[in-house]
Amino acid sequence: MARKKIALIGAGNIGGTLAHLAALKGLGDIVLFDVVEGVPQGKALDLSQCGPVEGFDARITGTNDYADIAGADVIIVTAGVARKPGMSRDDLLGINLKVMKAVGEGIAANAPDAFVICITNPLDAMVWALREFSGLPHHKVVGMAGVLDSARFSHFLAEEFKVSVKDVTSFVLGGHGDTMVPVIEYSTVSGIPVPDLIEMGFSTQQRIDEIVKRTRGGGGEIVALLKTGSAFYAPATSGIAMAESYLYDQKRVLPAAAHLTGQYGIDDLYVGVPVIIGAGGVEKIVEIKLGDEAKTNLTVSVDAVKELLVACKEIDSSLG
Ligand SMILES: NC(=O)c1ccc[n+]([C@@H]2O[C@H](COP(=O)([O-])OP(=O)(O)OC[C@H]3O[C@@H](n4cnc5c(N)ncnc54)[C@H](O)[C@@H]3O)[C@@H](O)[C@H]2O)c1
Ligand SMILES: O=C(O)C[C@H](O)C(=O)O
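Numbers given for residues are sequential positions, taken from 1 along each chain in its written order. Each chain gets a letter, beginning with A, and each ligand a number, beginning with 1, in the order they are written. Thresholds applied to this predicted model are a pLDDT of at least 70 for local features of residues and 80 or more for the giving and counting of side-chain atom pairs; totals over whole chains, interfaces and linings are not thresholded and use all residues. With hydrogens and water stripped out, all remaining heavy atoms of the structure feed into the side-chain values.

In the nomenclature of an unreviewed UniProt entry, the protein chain is known as Malate dehydrogenase of Sphingomonas gei. UniProt positions are given in the numbering used here, feature names are shortened, and annotations may be inferred rather than shown by experiment. Looking at the Function (unreviewed entry) heading of the UniProt record, one finds this comment for the protein chain: "Catalyzes the reversible oxidation of malate to oxaloacetate." Quoted verbatim from the Sequence similarities (unreviewed entry) field of the UniProt record, the comment on the protein chain reads "Belongs to the LDH/MDH superfamily. MDH type 3 family."

What follows is the structure, given as structure tokens:
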């Protein structure tokens, strides 16, 4: 069987880390694409030289030519600009929308059968725009944010409860902005819901509220510390988990920005919800029952995403 081909559009911090992880995990041959000449080629060479030490023989190449992504099975898009301290993700919309147009057209012309995972911010608007520009089927274009946000929530919960993070499951839904919705009733330690753990004295409602707030600001906390860019290790790991679920038909249930057609009362919008990812792409949107507070918070989050789409359409009339 021929090896799978993974194309990474954007060879920056996340792109390079994705390539490293994909090679270590033996996902397939890797093509790193970037507009900057030399960077994808240099990173590909450096990464290839990990092979003899790590014992992987993936072919890793760098390119500035979209023709080289032809036949890709999975494409992960991180092309664009990351925020710096003092900026919101939404401040990136104008510049990254233009990048999504170029990337969408490059994918459509060269790898229209790929499963595409968008990571570029502001995520929910960019994955929607990338799908529009590429014209790929909606179930083959998905956004990565929920896996990362849930990983952050799980990490903070594990620290709070003083338990292994392996036993913590959590769900963060909605848009990937400050209005994201960590859902406490579906967050558990070995199946024990967080509200029950509060009753059992593992924590207090006030402490959990603080963790929810920290999760919502999790990206900004790292931007403020790094000063020159944003998080990339956990975002790359999260993107790879989604790629693996597609490549190995794992049918994992993961929170991801998926195209909704009436689910959760939301129509024609990409927003973070639990989905099943398998060989068919986004095979199913999972509609969980939400309490009143989560429902209200999801509406606020969805409204924020809708505003971004209005802004996209104002900037690029072809999206109208
Ligand atoms: N969805 C999430 O959860 C999440 C998490 C972290 C970062 N992000 C976002 O991911 C994006 C990438 O982050 P990063 O840290 O890798 O940034 P980075 O600046 O390190 O890398 C971005 C790369 O994109 C390249 N690029 C710019 N325009 C391009 C184009 N038209 N075609 C191809 N490549 C192009 C740049 O040359 C650069 O190498 C940012 O928008 C960031 O906000 C999203
Ligand atoms: O915060 C950012 O700008 C990057 C990313 O969206 C994150 O959550 O780490």
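With that out of the way, let us pick up the site of ligand 2. By nearness alone, every residue bordering ligand 2 is listed as R83, R89, N121, L148, R152, H176, G219, S230 and A231. A distance of 2.5 Å is found between an oxygen atom of ligand 2 and a side-chain nitrogen or oxygen belonging to R83. Here N121 contributes a side-chain N or O atom positioned 2.8 Å from an oxygen atom of ligand 2. For ligand 2, the accessible surface in isolation is 260 Å², of which the surrounding protein chains cover 95%. Residues that form the shell around ligand 2 fall into these classes: 2 nonpolar, 4 polar and 3 charged. We call a residue near a molecule or strand whenever a single non-hydrogen atom of that residue lies within 4 Å of it. N or O atoms closer than or at 3.5 Å make up a polar contact, with two conditions inside protein: a donor-capable atom paired with an acceptor-capable one, and, for residues adjacent in sequence, both atoms drawn from side chains. Methods summary: accessible areas were calculated by the Shrake-Rupley approach with a probe of 1.4 Å, and residue burial reflects only the protein chains presented. Throughout this entry, Asp, Glu, Lys and Arg are counted as charged residues, while Ala, Val, Leu, Ile, Met, Phe, Trp, Tyr, Cys and Pro are counted as nonpolar. The remaining residues, Gly among them, count as polar.

Domain delimitation in this document rests on an assignment produced automatically or drawn from a domain database. What the domain assignment reports for the protein chain is domain 1 (5-144) and domain 2 (146-314). Taking only C-alpha atoms into account, the centre of domain 1 sits 22 Å from that of domain 2. Each partner contributes to the interface: domain 1 provides 41 residues, whereas domain 2 provides 47 residues. Across the interface of domain 1 and domain 2, roughly 3600 Å² is buried in total on both sides, 72% from carbon and sulfur atoms. Take the accessible area each of two parts loses on contact, using a 1.4 Å probe, and add the two losses: that sum is the buried area. The three residues of domain 1 that bury the most area against domain 2 are D124, W128 and M144, which together make up 20% of that side's buried surface. Here a salt bridge means any side-chain nitrogen of Lys or Arg lying within 4 Å of a carboxyl oxygen belonging to Asp or Glu. Linking domain 1 to domain 2 there are 2 salt bridges. Put simply, R89 and D178 hold a salt bridge, and the shortest N to O gap is 4.0 Å. For the interface between domain 1 and domain 2, the tally reads 6 residue pairs in polar contact (both at pLDDT 80 or more). Listing elements by their share of the side of domain 1 that touches domain 2, those giving two or more residues are helix 1 (13-24), strand 4 (74-77), helix 4 (93-110), strand 5 (115-118), helix 5 (123-134) and strand 6 (141-143). Contacts are assigned to residue pairs with any non-hydrogen atoms lying within 4.5 Å of each other. Here a helix means four or more residues in a row that DSSP labels H or I, a strand means two or more in a row labelled E, and each is numbered from the N terminus.

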